[in-house]
Amino acid sequence: MMPLSNNQSLVVKAPLDKNIQVLASAGSGKTRVLTERVRFILEQTKKDRVIGLTFTNKAAEEMIERLSDSEEAASRAWISTIHSLSQSIIEQYGHTIGLPSELNIYDRDKDRMEIFLQSLRDDGVNIDEYLDVPDSKEHRNRQSIMQKYMDAFSTIKREFLTEDEALVKFGGQERIWKIYQDYQSALLNSGGIDYDDILFYGHQLLLKYDWISNIYRTKYKHVCVDEAQDLNRAQYEFIKVFCGQSVKSLLMVGDPHQMIYGFNSSSSNFLCKEFINDFEPLKFELKENYRSTKAVISVANKLKPNSQEERSAALVGGVTFNKSQDEFEEAQWITNQIKFLLEMKNHDEIEGEISLDRMVVIARNRFVFPALEEKLTNENIKYFLKKGERLAEPSSLFGKILDYGLRVKLTPKDWVDGKKLCKLLKISPPKDWGDERQLYNWSMNIDYNSNIQFPELQSALLKELDNLDNEEPKIRKFVSTFDQKLKSLASLSDNDNDKLELEMSISELNDFKELWLRFKMKGVGGSLKAFRNAMALGQVTESRSNIGVTLSTVHTMKGLEKDIVFLMGMCEGVFPDYRANSNSEISEERNSAFVAVTRAKRWLYISYPEKRTMPWGDVKWQQPSRFVKEMQ
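Residues numbered from 1 in each chain as written. Predicted model: local features only at pLDDT ≥ 70, side-chain atom pairs only at ≥ 80, totals over all residues. Heavy atoms only, no water.

As annotated in an unreviewed UniProt entry, the protein chain carries the name DNA 3'-5' helicase and is attributed to Shewanella canadensis.

**Here's the deal with the UniProt feature "binding site: ATP" (unreviewed entry) in the protein chain**
When the UniProt feature table is mapped onto this chain numbering, "binding site: ATP" (unreviewed entry) sits at A24, S25, A26, G27, S28, G29, K30 and T31. The class of G27 is buried, set by a relative accessible area of 9%. Excluding its chain neighbours within four sequence positions, the residues that come into contact with G27 are E288, N289, Y290 and R291. Here G29 lies in the loop between β1 (20-24) and α2 (30-44). A relative accessible area of 25% means that G29 is categorised as partly exposed. (UniProt positions renumbered as here; feature names shortened; annotations may be inferred. Buried < 20%, exposed > 50% of the residue type's maximum accessible area, 1.4 Å probe, protein only. Contact = heavy atoms within 4.5 Å. Helix = DSSP H or I, 4+ residues; strand = E, 2+ residues; numbered from the N terminus.)

**Topic: the sheet that holds strand β7 (residues 249-254)**
Read from one edge to the other, the open sheet built from 6 strands follows the order β3-β2-β6-β7-β1-β8, with strand pairing classed as parallel. The open sheet has two free edges, formed respectively by β3 (77-81) and β8 (282-286), since each of these has just one partner strand. Ignoring strand direction, the axes of neighbouring strands in this sheet form an average angle of 15°. In this sheet, β3 lies alongside strand β2 (residues 49-54) in parallel orientation, the contact comprising 5 bridges. (Pairing = 2+ DSSP bridges. Axes fitted to C-alpha atoms, helices over the stretch in contact; angles between N-to-C directions.)

**Here we look at the pairing of strand β16 (residues 600-613)**
Two strands pair when backbone bridges link them, and strand β11 (residues 318-326) and β16 are joined in this way by 8 bridges, in the parallel orientation. For S324, the partnering residue across the bridge sits in β16 and is P609. Looking at chain direction, strand β15 (residues 562-567) and β16 are connected through 5 bridges and run parallel. Its bridge partner being in β16, F566 is matched across the sheet by Y605. Bridging between β16 and strand β17 (residues 619-621) involves 3 bridges; their strand directions are antiparallel.

**Focus on the UniProt feature "domain: UvrD-like helicase ATP-binding" (unreviewed entry) in the protein chain**
Listed under "domain: UvrD-like helicase ATP-binding" (unreviewed entry) in the UniProt record, and renumbered for this structure, are residues 3-293. With 55% helix and 14% strand, the stretch residues 3-293 has end C-alpha atoms that lie 19 Å from each other.

**Remarks on the domain arrangement of the protein chain**
The parts lose accessible area when they come together, and the size of an interface is often stated as this lost area. Segmentation of the protein chain into domains returns domain 1 (6-89 + 200-289), domain 2 (105-190), domain 3 (294-389 + 544-631) and domain 4 (397-537). Placing a centre on the C-alpha atoms of domain 1 and another on those of domain 2 gives a separation of 34 Å. The partner domain 2 presents 8 residues to the 11 residues of domain 1 that form the contact. Between domain 1 and domain 2, roughly 840 Å² of surface is buried when both sides are summed, and carbon and sulfur atoms account for 62% of that area. On the domain 1 side of the contact with domain 2, F200, Y201 and S265 bury the most area, a combined 48% of that side's loss. Taken together, domain 1 and domain 2 are joined by 0 salt bridges. On inspection of domain 1 and its partner domain 2, the count reaches 3 residue pairs in polar contact (both at pLDDT 80 or more). Grouping the constituent residues of the side of domain 1 that touches domain 2 by class yields 4 nonpolar, 5 polar and 2 charged. (Domains from an automatic or database assignment. Buried area = accessible area lost by both parts, 1.4 Å probe. Salt bridge = Lys/Arg side-chain N within 4 Å of Asp/Glu carboxyl O. Polar contact = N/O pair within 3.5 Å; in protein donor to acceptor, adjacent residues only side chain to side chain. Nonpolar A, V, L, I, M, F, W, Y, C, P; charged D, E, K, R; others polar.)

**A look at the nonpolar core**
Here is a general trend for soluble globular proteins: nonpolar side chains tend to be buried in one another's company. If you look at the biggest cluster of nonpolar residues, it comprises 67 residues, and the most contacted ones within it are I89, F116, M146, I239, L250 and M252. When sequence neighbours within four positions are dropped, the list of residues in contact with I239 reads L53, I82, V225, L231, L250 and M252. Membership of the second largest hydrophobic core comes to 52 residues, among which are I334, I362, V368 and F594. (Core = buried A, V, L, I, M, F, W, Y, C linked by side-chain atoms within 4.5 Å.)

**Some thoughts on the pairing of β1**
The buried fraction of β1 is high, at 4 of 5 residues. Sheet topology places β1 next to β8; 5 bridges connect them, and they run parallel. Within the sheet, the bridge partner assigned to L23 lies in β8 and is E285. By the bridge criterion, 4 bridges tie β1 to β7 in an arrangement that is parallel. Opposite L23, over in β7, you have G254 as the bridge partner.

Here it is in structure tokens:
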């Protein structure tokens, strides 16, 4: 491994009783600096413990892997996302502020919307009549109004708005606070919280109860925060109250040029201004790019002048621009370049053989990819779409009953998933929610003569879920039992639709087993409750290796890198996005372009079509992105 540079070493070996701000540009080794700082703290102290906070589970796993050779890290370092840390505090002490002991995290937007609509019904609003309009355009408009309320609720939580501040923020809507409070009450009455509540309630616990805060402050003397340019108000205030006056060693590392989560209320001001005012840190700057070639650095500096320093030893690299007639010709050009690179096999600037797993195609959003996906498929070039950490919903009836049933078992008051389950089972939902034997009762009420696929199987599934021990569930035995049942049914069936349903069911049961095994390997618990929370927090996302060239949006590719990067669809209105109108929004789009460019370690290919076919069939002429003009 390359030794630390002088500037990196200054950060790693800075005094242990000082707060530190590190402005680290793309490719400057910030993750390594953060990891080595944790290692240095552990080596220089005998008992001090460290918390490393990241924004994604993937980043946390990378830090844990880098520290795997440190015996001290296993016992004295806690590496997790900010939300995971807050959730652990809620699980331990949430009862002190009246939170239910068995909390369901509503991690699906449509579930949160259903709770919101129910809160309106409970307040006497005939919301169903309001949404039930024959005109499709007006129906979409009214749905959009409902979504704006949901977005407002998230903003209130992420920005820690008071009632008066919310009134100002949302244009004097006098009822906004009451509607928000009703939604919060509806969440708790259903035995759950939403994702934004995790930091909201975690902060409340630390702020209101010093004895809780002191437990953590006494145990953890050092806090290191990665990607600090993406902090929003809730995240920053949570870290601030976690540290209090006791923690004198808070390290924040980030790059203001890579702040791309403004839609999540993120702002680089927390790293660059508020952290300075609140913690008076030592300041360091890392600008030397160890990742990219001279050609890539040159283009990055055109987007963000003087953001990168070129190493004398950096390779030359290459940047290629291409204008295509339309998106189909652009897709063909990218495909041809991929084939050419594969045929080249080796190059002095690429370590090892050139292969598909060294390449990524990045676009501003996923709607740019269809033409390329079709072309890659026709050319038999393997690819995969890189996804975020949220789990996909199951498709089979068995998979849905398993998913909803597990949620209801853990939170009997969860009428949202309970109603979905009753609808699938074609039984009437109960008048009152909270019966801990609901799953068993429903299993006995299934009508075997109904048109439910495999009613005996679904009844058995509910009974076995009901029988699972919450603290020490025998998931391997559970999976084995239903694997045999599903395969037996498949061997006996001669109905094609039934066979397809069973095939999906077996696949989703295997997915469930993989999630459990991954959960157990991570060592974050062993109970059903911990398992369900780990899924909601994205801690058990599928980790198997994907095969082929990666297709990724900018936001999903954040924090990752590839030898060869294709940046496609670089048209005005696509990148930057057509919705970006203000200076701050355009600035964030520029940050996103900078992030995309600096994912490239060696070679960068930038392309755009002169015209595109719209989803409704019209062909529209395009202008090259302003960022392309700047980079050329």
